[in-house]
Amino acid sequence: MGAPNLTDNVWLYGSTYKWIKETVVNGRQNEMPAQGGRLSEDQIQILAAYVYSLSN
Ligand code: HEM
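Residues numbered from 1 in each chain as written. Predicted model: local features only at pLDDT ≥ 70, side-chain atom pairs only at ≥ 80, totals over all residues. Heavy atoms only, no water.

Brief notes about the coordination of the iron atom of the ligand
- Coordination of the iron atom of the ligand by the protein involves just one donor, M32 (SD), at a distance of 2.0 Å.
- Residue position: M32 is located in the loop between α1 (17–26) and α2 (41–55). (Donors = N, O, S within 2.8 Å, 3.2 Å for Na, K, Ca; no water. Helix = DSSP H or I, 4+ residues; strand = E, 2+ residues; numbered from the N terminus.)

Structure, rendered in structure tokens:
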């Protein structure tokens, strides 16, 4: 469905922690559903840090 590989260093939006967190919370126009309503602030932080760590 076009979901990107999160373990490589090719980014559609941005590879910084700030941009990854933004994607997780608010989603992206091209079919990435927002996860902000499903996760606590702590979970979002840990998840964004984990995704960041996959390629950095
Ligand atoms: C909590 C789980 C998820 C995380 C941590 C996550 C993370 C991300 C991140 C960081 C990006 C941006 C990648 C980039 O900039 O190259 C992204 C994009 C995307 N994700 Fe997710 N995602 C999650 C769940 C999902 C789900 C459930 C779907 C689909 C059912 C999905 C579909 C997509 C798609 C299609 C894109 C590309 C968006 C676009 O091109 O506009 N993601 N995701």
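Digging into the environment of L47
- Turning to its location among the elements, L47 is positioned in helix α2.
- For the pair L47 and N26, spaced 21 residues apart in the sequence, the C-alpha separation amounts to 14 Å.
- If sequence neighbours within four positions are ignored, L47 has contacts with V24 and L39. (Contact = heavy atoms within 4.5 Å.)

As for α1
- Among all positions of α1, only I20, T23 and V24 are buried. Buried positions in α1, seen along its axis, are confined to an arc of 95 degrees and lie on one side of it.
- On the buried face of α1, the contacting elements are α2.
- Note on α1: the residue one or two positions beyond its end, G27, has a positive phi of about 75 degrees. (Buried < 20%, exposed > 50% of the residue type's maximum accessible area, 1.4 Å probe, protein only. Arc of directions from axis to C-beta.)

A closer look at α2
- In a regular helix each residue adds 1.5 Å, so 15 residues correspond to 21 Å; α2 covers 22 Å between its end C-alpha atoms and thus fits that length.
- Within the sequence span of α2, burial applies to I44, A48, V51 and S55. Buried residues of α2, viewed axially, fall in a sector of 65 degrees; they line one side. Relative to its buried face, α2 has exposed residues pointing more than 90 degrees away, namely D42 and I46.
- Where α2 is buried, its residues contact α1. (Expected span 1.5 Å × (residues − 1).)

Brief notes about the site of the ligand
- Taken together, 20 residues sit near the ligand, with P4, L12, Y13, N30 and M32 positioned nearest.
- Measuring from an oxygen atom of the ligand, one finds a backbone N or O atom of L12 at 2.7 Å.
- At 2.4 Å from an oxygen atom of the ligand is found a side-chain nitrogen or oxygen belonging to Y13.
- The dominant element in the shell around the ligand, judged by the number of residues it contributes, is α1, at three residues.
- Its residues assigned to classes, the shell around the ligand comprises 13 nonpolar, five polar and two charged. (Near = heavy atom within 4 Å. Polar contact = N/O pair within 3.5 Å; in protein donor to acceptor, adjacent residues only side chain to side chain. Nonpolar A, V, L, I, M, F, W, Y, C, P; charged D, E, K, R; others polar.)

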